[in-house]
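Each chain is listed here by its residues.
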Amino acid sequence: MSEASGKIVGVNGNMITVEFDGAVSQNEVGFACLGDLRLMAEVVRVRGSLADMQVFEDTALLGIGDIVEFTGDLLSVELGPGLLTQVYDGLQNPLPELAEKCGFFLDRGNYLEAIPRGTPWEWTPTAKVGDKVSAGLTLGQVPEGIFQHHIMLPFAMDGNYEITYLAEPGTYRVEDVIAKVKDEKGAEHEVTMLQRWPVKVPIQAYQERLRPSEPMVTKVRIIDTFFPVALGGTYCIPGPFGAGKTVLQQITSRYADVDIVILAACGERAGEVVETLREFPELTDPRTGKSLMDRTVIICNTSSMPVAAREASVYTAVTLAGYYRQMGMNVLLLADSTSRWAQALREMSGRLEEIPGEEAFPAYLESVIASFYERGGRVRLKDGRTGSITIGGTVSPAGGNFDEPVTQATLKVVGAFHGLSRARSDARRYPAIDPLDSWSKYPSVVNPDQIDLARGILRDGTEIGQMMKVVGEEGTSIEDFLVYLKGEYVDAVYLQQDAYHDIDAATSADRQKMVFGVITDILKASMVFDDKETARRFFHQLTQTTKDWNRVDIEDPQFEELKNRLVNMVSEVTANA
Amino acid sequence: MHKVYHRVESIAGNVINIRATGIKYRELAEVTSRSGSSLAQVIQLRGDLVSLQVFAGARGVATDAQVRFLGRSMEVPFGDFLLGRIFTGGAQPRDKGPVLSENLIQIGGPSVNPAKRIIPKKMVRTGIPMIDIFNTLVESQKLPVFARAGEPYNPLLARIALQAEVDIIILGGMGLKHDDYLYFRDTLEESGALSRTVMFVHTAADPIVECLLVPDISLAVAEQFALQNKRVLVLLTDMTNFADALKEIAITMEQIPSNRGYPGDLYSQLAARYEKAVEFDGAGSITILAVTSMPGDDVTHPVPDNTGYITEGQFYLRNGRIEPFGSLSRLKQQVNGDTRSDHRTIMNTMIQLYAGFRETTEKQSMGFRMSAWDTKLLKYGERFEKEMMDLSVNIPLEEALDLGWKILADCFEPMETGIPSKLTDQYWPS
Ligand SMILES: Nc1ncnc2c1ncn2[C@@H]1O[C@H](COP(=O)(O)OP(=O)(O)O)[C@@H](O)[C@H]1O
Ligand SMILES: [Mg+2]
């Protein structure tokens, strides 16, 4: 296909209007030429011989008549061994390499290869010559850090093939031919370890989609116990600024029981990415004993980086997630914040002068959000194994009001909702997930009956607390007062969790089952106190001891000691029925 | 050499449209009419129709004005010669010093590669307990003061600027009252800090478009100093005026507003400025302390709301005090673990107890009987407000922490504070 070319006839912010000759397709990539600089852009609308394009760079000094060269390709990413540990921008440029080349600043017009070409990989074929294969089936493997990276028949190869050649085991680079296959017409195709895939198209080289049913353990108690997420599930974390969305995602990215974590830092602070970027290589992954970075890819398009690339960044991230899912891995994609991506859509929609919907978001906002989350899910691969993409997105609603288009569109499609509340974060009750408003459709790590009990006490306790503000403590019965204290107690020792404490920050599923069992017994106990002041003092002490318990390693002898102390404390005030 | 045009097609707000060819997006032009001359910048190109935003305002621009394109975008002179100088938002001298045109640098340059940033680790000491203990300010942080009109935010900014150990102070004033401008100038001068200060001041009386330039110019200059290994503190007051100037241009350009008239890209526009705060890997740093006045004292107003999502926390200034609730330094945990072993505990405990105090005052105001616990909280809250929150308190962090223990010990038993026994053993005053 011969690539079209065109000339700029309009510039408005990061949108250029281009008059072109030849054929141009929607979402095709082109380059606007500014002297020696070539600025990448994507077609977002075509009308007659005019294409509107969003430029992924600052458009300063572009002028009428400047040339645009179209590529014939949709916006795509590179897939192959060497993705893990990388830090990319929204267009998959490796940021550390860019820094080496350009220094402190992200000068426009620099595009680098995403996957290093020179790295040697230890290839072992696992298929055999003569095998029938189709897209997504494994031909062989290379070790990538702690994983066996499957080299698959590229996803773009439609139809059925027969393997005619497999390279001997040995060291190869990503562009070396490691296999040849013959299509049904007998034509031969060479296969390397490197393939490209358009980011806005889901990878579907699997057998079928499965229901997400197994829990994805985040080690955050309020999530795993009360509002769990499943492997292959989707969830969202809306909350006003400062409520703890990013911290919650950071701890999840550290502790979640998954194979691979892809972080999409989408239109938020650069400083937060830097924390991950600098700290992860130093932190060990308890699952593997290796650096946390070994299982992580960061896609970083922070708020001052070009807005159009921000829109691309979430698709880049989910495409990489899809690639590793095809290898049978459980991938967690964390996007912070999906609202920034929605705003990028809004900015472009405004420049295109489309008819605006609510709060000037485009009318297609809902369907775009829905199809993004649809890219999550658990699947059975063609060879019978399973893989999953779990997607967790933060939402940053204007004014902290969830009744706004992005939150509402997201709530329609996700399987769990972790709503952060300003009241809880102001009271330093972290993580500030609202225990009464949040919900999940996935199964918990603890017994459902226990949850119902705790939830009932939390709800009643809150109500009594509200009531007490009106009628005062003296107008509240001691029974009600105890429910209130018990509610406050579960909140303080179980829902709240200290993200900055080595032990308390991550509670394993087993420990959750165990601790929650003890707490359930405490909630059930019918305690007797002479007066409210004594009750309050008792719960002060109980809370203190339980918090100490939370801070002790489960292997530490103190763990049992503190547990026994708790049980004794409670039995001392419990009525002998 | 540069193209000159003589026919203005239309004028709306501060934007003029002319027909011209070979013009570049964001290029500067000089617009001259009988009433004077001003710089202008290209903000949209549609075929040969060019929209320009006139810095001095379009008032008085005639349809036969002369428009001369300069073939470059906005630049500002840079060098040590800036120190001690005061300029307008358009980088023209406001003091009696010479006009500068040497060593021009670009404004609004590209953002820093995140790979070239490092995690900030240096505390900025302010002597204000509400900051030093509870919401520690950190070098390279971007932090606004949220306040309604009339709160003493400018004196607070000046006080922090003078107390902080930085190499360079840059003041960007937007819509500043003339009195406030003089206040900053005199305060900096009296303390001897003026010689390490550069001021870009747009006052309420100046053309609105110049207000838009202030953050970019201030931060471009700051960035150059930081690249020379300097620790730079940038004060931006008041960013709400900047946002309002953005709104005015957006409306003139008939953009569809997203929220209360503000353009849909308000977040990106503010972020492009605030994200200039940086600690370079291998050079200096930029810390940004800004003022965001809250129209109607409403934090959900689009300007404070978008700001809060961008900045690394915020200080709420209310009734002349920094409110402990809502105020937040997101970077505090980068530094408060290395100050003193009781810092975090004092921070958390005192705030939680103060929250209890607030609840108790509510109960009290409704006429409920005060329990023994309530009485303790009341005593505590009063002392906290008087000895910690009052802005006149000026003591180093360590002294403030000691004071914290003293207040706690005067009001509570150790167990009631919820502080782990290990720490009460060490610090509880006997
Ligand atoms: N789990 C937590 N434990 C302790 N502090 C927290 C926790 N979550 C948030 N915080 C505090 O709140 C601040 C803001 O959190 P952050 O996640 O950045 O908010 P958001 O992303 O919602 O704007 C953090 O800097 C930290 O001080
Ligand atoms: Mg955040």
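Residues numbered from 1 in each chain as written. Chains lettered and ligands numbered in written order. Predicted model: local features only at pLDDT ≥ 70, side-chain atom pairs only at ≥ 80, totals over all residues. Heavy atoms only, no water.

Visitor: Can you walk me through the overall build of chain B in this structure?
Guide: The secondary structure content of chain B amounts to 12 helices and 23 strands. By its C-alpha atoms, chain B is 80 × 45 × 40 Å across when sized along the principal axes. By residue count, 60% of the 430 residues in chain B fall in the buried class. Within chain B, contacts between residues at least 6 apart in sequence are counted, and of these 72% link residues at least 24 apart. On chain B, roughly 15,800 Å² of surface is accessible, and the fraction owed to carbon and sulfur atoms is 48%. Taken together, the 45 basic and 52 acidic charged side chains of chain B have centroids lying 3 Å from each other. (Helix = DSSP H or I, 4+ residues; strand = E, 2+ residues; numbered from the N terminus. Buried < 20%, exposed > 50% of the residue type's maximum accessible area, 1.4 Å probe, protein only. Contact = heavy atoms within 4.5 Å. Areas by Shrake-Rupley, 256 points an atom, 1.4 Å probe, with all protein chains shown as cover. Lys, Arg positive; Asp, Glu negative; His and termini not counted. Charge placed at Lys NZ, Arg CZ, Asp CG, Glu CD.)

Visitor: Would you mind going over the site of ligand 1 with me for this structure?
Guide: Lining the immediate surroundings of ligand 1 are 15 residues, of which G242, K245, T246 and V247 of chain A together with R330 of chain B lie closest. More than one chain approaches ligand 1, the contributing ones being chains A and B. In the model, an oxygen atom of ligand 1 is placed 2.7 Å from a nitrogen or oxygen of the V247 of chain A main chain. Contact with the protein chains covers 93% of the free accessible surface of ligand 1, which is 560 Å². Looking at the shell around ligand 1 element by element, the count peaks at three residues for helix α3 (residues 245–255) of chain A. Across the shell around ligand 1, the residue classes break down as eight nonpolar, four polar and three charged. (Near = heavy atom within 4 Å. Polar contact = N/O pair within 3.5 Å; in protein donor to acceptor, adjacent residues only side chain to side chain. Nonpolar A, V, L, I, M, F, W, Y, C, P; charged D, E, K, R; others polar.)

Visitor: Can you help me understand helix α5 (residues 239–252) of chain B in this one?
Guide: Note: α-helices contain 3.6 residues per turn, so residues at a spacing of three or four share the same orientation. All names here are of chain B. Given a rise of 1.5 Å per residue, 14 residues ought to cover 20 Å, and the 20 Å separating the end C-alpha atoms of α5 matches this to within 8%. Along α5, the residues that are buried comprise M239, T240, F242, A243, A245, L246, I249 and A250. Near the N-terminus of α5, the side chain that reaches the backbone nitrogen of T240, with its oxygen 2.7 Å away, is that of D238. Phi turns positive one or two residues past the end of α5, at E254, with a value near 55°. (Expected span 1.5 Å × (residues − 1).)

Visitor: Even after reading the chapter, I still don't get the pattern of salt bridges, so can you show me in this structure?
Guide: Any two side chains of opposite charge can pair, given that their charged atoms come close. Residue and element names in this part refer to chain A. Inspection of every chain in the model, using the stated rule, returns 65 salt bridges over all chains. Between R287 and D257 there is a salt bridge, with its nearest N and O atoms 3.3 Å apart. Of this pair, R287 sits in the loop between α4 (270–279) and β21 (296–301) while D257 is found in the loop between α3 and β20 (260–266), placing the two residues 30 residues apart along the sequence. Of the residues examined, R287 reaches a relative accessible area of 40% and is grouped as partly exposed. With a relative accessible area of 30%, D257 lands in the partly exposed category. Put simply, R269 and E272 hold a salt bridge, and the shortest N to O gap is 2.7 Å. (Salt bridge = Lys/Arg side-chain N within 4 Å of Asp/Glu carboxyl O.)

Visitor: Help me out: how do you make sense of the domain arrangement of chain B in this one?
Guide: How big an interface is tends to be stated in terms of accessible area lost as the parts join. Residue and element names in this part refer to chain B. Partitioning chain B into structural domains gives domain 1 (4–73), domain 2 (76–330) and domain 3 (343–427). With 13 residues of domain 1 at the interface, the matching set in domain 2 holds 11 residues. Together, the buried faces of domain 1 and domain 2 total about 890 Å²; carbon and sulfur atoms form 67% of this surface. Inspection of the region where domain 1 meets domain 2 yields zero salt bridges. Taken together, domain 1 and domain 2 are joined by one residue pair in polar contact (both at pLDDT 80 or more). Broken down by secondary-structure element, the contributors of at least two residues to the side of domain 1 that touches domain 2 are β5 (36–46) and β6 (49–54). Partitioning the side of domain 1 that touches domain 2 into residue classes produces six nonpolar, seven polar and no charged. (Domains from an automatic or database assignment. Buried area = accessible area lost by both parts, 1.4 Å probe.)

Visitor: Would you take a moment to explain helix α3 (residues 178–190) of chain B for this structure?
Guide: Residues and elements named next belong to chain B. Taking 1.5 Å per residue as the helical rise, α3 with its 13 residues ought to reach 18 Å, and the 18 Å between its terminal C-alpha atoms agrees with that figure. All of the buried residues in α3 are Y181, F184, T187 and L188. Along the axis of α3, the buried residues cluster in a sector spanning 140°; they form a single face. Across α3 from its buried face, at more than 90 degrees, point the exposed residues D179 and E190. On its buried face, α3 is in contact with β9 (86–88), α2 (153–163), β14 (168–176), β15 (197–203) and β16 (231–237). In the stretch just after α3, G192 is the one whose phi turns positive, near 80°. (Arc of directions from axis to C-beta.)

Visitor: Any chance you could explain the sheet that holds strand β14 (residues 170–172) of chain A here in plain terms?
Guide: Whenever strands of a sheet pair, they do so through backbone hydrogen bonds, lying parallel or antiparallel. Residue and element names in this part refer to chain A. As summarised here, the arrangement of the four strands in space is β12-β11-β9-β14, forming an open sheet in which the pairing is antiparallel. Only two strands of the sheet have a single partner each, and these edge strands are β12 (147–152) and β14. Within the sheet, the average angular offset between the axes of one strand and its neighbour, ignoring direction, is 40°. (Pairing = 2+ DSSP bridges. Axes fitted to C-alpha atoms, helices over the stretch in contact; angles between N-to-C directions.)

Visitor: Honestly, the sheet that holds strand β16 (residues 188–192) of chain A in this entry has me stumped. Any pointers?
Guide: Residues and elements named next belong to chain A. Read from one edge of the open sheet, four strands run β10-β13-β15-β16, paired in antiparallel fashion. On the outer flanks of this sheet lie β10 (132–134) and β16, each paired with one strand and no other. Each neighbouring strand pair of the sheet contributes to a mean axis angle of 45°, computed without reference to strand direction. When strand β15 (residues 177–183) meets β16, the two strands line up antiparallel, connected through five bridges. Bridging across to β16, A179 finds its partner in V191.

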